Amino acid sequence: MKLLKFILVFLIISCFTYGDEWHVKKGSDNLVKFTSSTIVLDFDGTTNNIDGYIYWEGKELFTGKNEIYFEVPLNTVKTGIGKRDRDMREDVLETNLWPITYFKGNIVNVKQNKNQNKYTIKVKGKMFIHGVEKELEIPGDIKIENEIMSVTSNFSVFLKDYNIEAPSLLAFIKVAQEIKLNLNFKLEQSR
Amino acid sequence: MNRIKVTFIIFVCNFLIIAQPKWKKTELPAELNLGLFHATQTANFPTTESLQKGNLMYEISHRFLPSIKDGFDEFYGLDGPTRIRFALGYGLTDELMVTLGRSNNTDNLDLQLKQKLFQVNNKNLPLVVSVLGGISWNTEVPNGIVRSRGDGDNFQFYGQLILNTMFFDKKLGIGLVPSYLQNSFIYALEKQHTFTLGTYAQYYFNRMWSMWVEYNPIITGYRGRIRLDETGKSYNSVAFGADIETGGHIFHIMVTNNARLNPSQYLVGADRSASDDMWRLGFGILRYF
């Protein structure tokens with residue numbers, strides 16, 4: 001009986017000390033951009049359709065058990081040329097089979113900058129593209145201002161890691177294996 | 001005691017619920033424009049595909065006049081002469097495109113608009129319907145014709161309803177293009193018209209290679225010559241060939257009995273009979289950017 005009461009009190013306290021959860025703030029301010037290169041030119045694809053969350057159970061920011069998850073519906077990525085978008089969807093990413101790409105992982109390193117509102121983080125988890133999940137470590141910067149969390153991250157993925165054949169961009173010139181990704185998006189606290 | 005147990009259970013459940021992210025998964029975006037054929041046109045017909053708003057398309061097409069049967073001396077027709085068409089298309093919206101083209105056959109200038117009407121995104125039988133309307137201006141004034149370049153008789157008008165569908169997991173595309181042409185023979189004393197039922201089928205082996213066949217029977221109306229230096233009637237058009245698709249380009253390579261390129265000329269029929277072994281070589285290149 002005493003044990004039951006103790007657990008009850010613990011649970012009540014746990015509820016009040018529960019961490020935090022932030023969701024992506026939908027809107028055109030968000031940007032997910034990939035840059036692909038050939039020997040003669042580069043091209044970009046962009047979308048503002050990113051969704052997901054950062055969640056942690058600790059009292060302090062990003063502490064305790066934490067989890068992050070972000071996803072992008074690939075049909076929304078535009079390169080500026082309709083024909084190229086369609087080729088990318090149907091032949092390269094096969095979005096009829098795998099319509100989204102996601103990253104799910106944990107924050108493994110947090111460093112608060114001198115500016116109290118800025119954090120440099122490192123996350124580790126699995127990136128899912130084209131039906132393949134691959135372990136990835138991604139750096140990022142977070143700034144919290146006016147109850148909005150701004151996230152920026154730049155990293156690369158390689159087509160061969162996700163069983164994607166490099167497509168041709170100009171006649172028979174194939175794009176490079178490395179695809180650079182630039183993310184810039186905002187989150188707001190979940191109420 | 002029971003009250004404590006109930007409270008305990010409620011808190012455990014509550015704790016388990018809130019100890020997980022509350023985030024809900026994104027609804028995927030609304031249906032995209034249904035894409036069937038890989039290009040905005042086949043060798044001779046429009047498809048229901050359109051350019052994305054602000055995108056451009058460039059076309060250059062050749063039809064060689066000598067027959068393949070002329071053999072090595074004429075290099076199987078490639079020595080020419082040649083009917084040539086250049087065209088530039090532009091996406092006004094994602095579903096409306098405009099194309100301006102020119103053929104050296106009677107110096108025919110051609111302006112057309114194509115609008116997507118609707119789509120049925122059925123997994124087994126997808127269907128897209130578009131409509132195309134165009135005006136042609138024949139700017140060549142032949143010797144012996146007393147008429148200004150801008151004379152109303154030099155203009156032709158045409159309309160096409162385009163129906164596309166695909167079978168076998170988007171491997172086999174079928175197109176139906178009932179077409180109407182007004183003022184089929186610009187030198188006729190009375191205005192002529194022609195109605196045809198364009199049909200085409202294209203089989204995609206993979207993203208790069210496909211083979212196709214086109215047939216454009218004349219259902220009713222004028223089926224004569226289109227130039228003063230031609231003789232005889234026009235014939236049902238047949239063409240077959242292969243497409244090579246790579247890096248934003250589509251190459252059509254074909255054999256056909258019809259060397260006419262612009263729609264207001266092609267729709268009158270072929271200038272040679274398929275049964276007379278008057279097959280000619282031709283090609284087209286499309287570039288999207």
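The paragraphs below set out a description of the structure included in this document. Computed from a prediction, not measured in an experiment: that's the story for all the values here. (Residues numbered from 1 in each chain as written. Chains lettered and ligands numbered in written order. Predicted model: local features only at pLDDT ≥ 70, side-chain atom pairs only at ≥ 80, totals over all residues. Heavy atoms only, no water.)

**Side note on the overall build of chain A**
Here's step 1: The number of helices and strands found in chain A is two helices and 12 strands.
Here's step 2: With 191 residues in all, chain A has 48% of them scored as buried.
Here's step 3: Within chain A, contacts between residues at least 6 apart in sequence are counted, and of these 58% link residues at least 24 apart.
Here's step 4: If you sum the accessible surface of chain A, you get close to 10100 Å²; carbon and sulfur atoms cover 54% of it. (Helix = DSSP H or I, 4+ residues; strand = E, 2+ residues; numbered from the N terminus. Buried < 20%, exposed > 50% of the residue type's maximum accessible area, 1.4 Å probe, protein only. Contact = heavy atoms within 4.5 Å. Areas by Shrake-Rupley, 256 points an atom, 1.4 Å probe, with all protein chains shown as cover.)

**Structural notes on the overall build of chain B**
Here's step 1: Helices and strands together make up the secondary structure of chain B, namely two helices and 13 strands.
Here's step 2: Whereas a compact globule of 289 residues would reach a radius of gyration of roughly 19 Å, chain B reaches 26 Å, over 25% beyond that.
Here's step 3: For the C-alpha atoms alone, the extent of chain B along its principal axes is close to 115 × 45 × 30 Å.
Here's step 4: For chain B, buried positions account for 50% of its 289 residues.
Here's step 5: Within chain B, contacts between residues separated by at least 24 positions form 58% of all contacts whose residues are at least 6 apart in sequence.
Here's step 6: Side chains of chain B carry 28 positive and 25 negative charges; the gap between the two charge centres is 12 Å. (Rg over C-alpha atoms; globule rule 2.2 N^0.38 Å. Lys, Arg positive; Asp, Glu negative; His and termini not counted. Charge placed at Lys NZ, Arg CZ, Asp CG, Glu CD.)

**Thoughts on the pattern of salt bridges**
Charged atoms that come close allow side chains of opposite charge to pair.
Here's step 1: Applying the stated rule across the entire model yields 21 salt bridges over all chains.
Here's step 2: Across the salt bridge formed by B:Arg207 and A:Glu90, the nearest N and O atoms sit 3.1 Å from each other. Here the residue B:Arg207 occupies a position in the loop between strand S8 (193–204) and strand S9 (209–216), and A:Glu90 occupies one in helix H2 (residues 82–92), the pair thus bridging two chains.
Here's step 3: Residue A:Glu90 is classed as partly exposed on the basis of its relative accessible area of 28%.
Here's step 4: The partner of B:Glu245 in a salt bridge is B:Arg207, and the shortest N-O contact between them spans 3.4 Å. (Salt bridge = Lys/Arg side-chain N within 4 Å of Asp/Glu carboxyl O.)

**Concerning a negative patch on the surface**
Here's step 1: Taken together, the side chains of B:Asp70, B:Asp73, B:Glu74 and B:Asp79 present a region of like negative charge at the surface.
Here's step 2: Of note, B:Asp70 is situated in the loop between strand S1 (56–64) and strand S2 (82–91). (Patch = residues over 30% accessible without salt bridge, like charges linked within 9 Å, V, L, I, M, F, W, Y side chains within 5 Å.)

**Quick look at the nonpolar core**
Soluble, globular proteins show a tendency: their nonpolar side chains are buried together.
Here's step 1: Counting residues in hydrophobic clusters, the biggest one holds 43 residues, and the most contacted among them are A:Ile54, A:Met127, A:Ile142, A:Met149, A:Val157 and A:Leu187.
Here's step 2: Discounting chain neighbours no more than four positions away, the residues touching A:Val157 are A:Met127, A:Ile129, A:Leu136, A:Tyr162, A:Gln177, A:Glu178, A:Ile179 and A:Leu181.
Here's step 3: Counting residues in each nonpolar core, the second largest holds 21 residues, with B:Met166, B:Leu181, B:Tyr200 and B:Tyr222 among its members. (Core = buried A, V, L, I, M, F, W, Y, C linked by side-chain atoms within 4.5 Å.)

**Let's talk about a nonpolar patch on the surface**
All names here are of chain B.
Here's step 1: Together, Leu-117, Phe-118, Val-120, Val-131 and Leu-161 give the surface a local cluster of nonpolar side chains, amounting to about 380 Å² of exposed area.
Here's step 2: It is strand S4 (residues 108–120) that provides the largest number of residues to the nonpolar patch, a total of three residues.
Here's step 3: Its place among the elements puts Leu-117 in strand S4.

**Describing the side chain of B:His252**
Residues and elements named next belong to chain B.
Here's step 1: With respect to the secondary-structure elements, His-252 resides in strand S12 (residues 249–256).
Here's step 2: Relative accessible area serves as the criterion here: at 3%, His-252 is assigned to the buried category.
Here's step 3: One polar contact links His-252 to Asp-243, side chain to side chain, over a distance of 2.8 Å.
Here's step 4: Contact partners of His-252, with chain neighbours within four places excluded, come to Gln-41, Thr-42, Ala-43, Trp-212, Ala-242, Asp-243, Gly-282, Phe-283, Gly-284 and Leu-286. (Polar contact = N/O pair within 3.5 Å; in protein donor to acceptor, adjacent residues only side chain to side chain.)

**Regarding the pairing of strand S12 (residues 178–189) of chain A**
Residues and elements named next belong to chain A.
Here's step 1: Strand direction decides the pairing type here: strand S1 (residues 20–24) and S12, joined by three bridges, are antiparallel. Along S12, the bridge assignment pairs Trp-22 with Gln-189.
Here's step 2: Of the strand pairs in this sheet, strand S2 (residues 31–37) and S12 are connected by five bridges, and their pairing is antiparallel. Bridging from a neighbouring strand, Thr-35 pairs with Lys-180 of S12.
Here's step 3: Relative to S12, strand S9 (residues 148–158) runs antiparallel, the two sharing 11 bridges. Paired with Val-157 across the strands is Ile-179, a residue of S12. (Pairing = 2+ DSSP bridges.)

**Some thoughts on the packing of aromatic side chains**
Here's step 1: Scanning all chains against the criterion turns up 21 aromatic pairs over all chains.
Here's step 2: When the ring of B:Phe185 is compared with that of B:Tyr187, the centres are 5.6 Å apart and the planes differ by 80 degrees; the resulting orientation is edge-to-face. One exposure class covers both B:Phe185 and B:Tyr187, and it is buried.
Here's step 3: One aromatic cluster in this structure is built from A:Tyr53, A:Tyr69, A:Tyr102, A:Phe128 and B:Trp23.
Here's step 4: For A:Arg84, the ring lying beneath its charged end belongs to A:Phe43, and the centroid distance is 4.3 Å. (Phe/Tyr/Trp six-rings, centres within 6.5 Å; stacked < 30°, edge-to-face > 60°. Lys NZ or Arg CZ within 6 Å of the ring centre and 35° of its normal.)

**Here's the deal with H2(A)**
Residue and element names in this part refer to chain A.
Here's step 1: Most of H2 is tucked away: nine of the 11 residues are buried.
Here's step 2: Along H2, the positions that sit buried rather than exposed are Gly-82, Lys-83, Arg-84, Asp-85, Arg-86, Asp-87, Met-88, Arg-89 and Val-92.
Here's step 3: Glu-94 sits one or two positions beyond H2 and adopts a positive phi of about 50 degrees.

**Re the pairing of S12(B)**
Residue and element names in this part refer to chain B.
Here's step 1: Within S12, six of the eight residues are buried, which leaves it mostly tucked inside the rest of the structure.
Here's step 2: Where strand S11 (residues 237–246) lies against S12, eight bridges are found, and the strand directions are antiparallel. Looking at S12, one finds that Phe-240 is bridged to Val-255.
Here's step 3: Two successive antiparallel strands, S11 and S12, enclose a turn made up of two residues, where Gly-247 displays a positive phi of approximately 50 degrees.
Here's step 4: Sheet topology places S12 next to strand S13 (residues 280–288); eight bridges connect them, and they run antiparallel. By the bridge assignment for S13, Ile-250 is matched with Leu-286.

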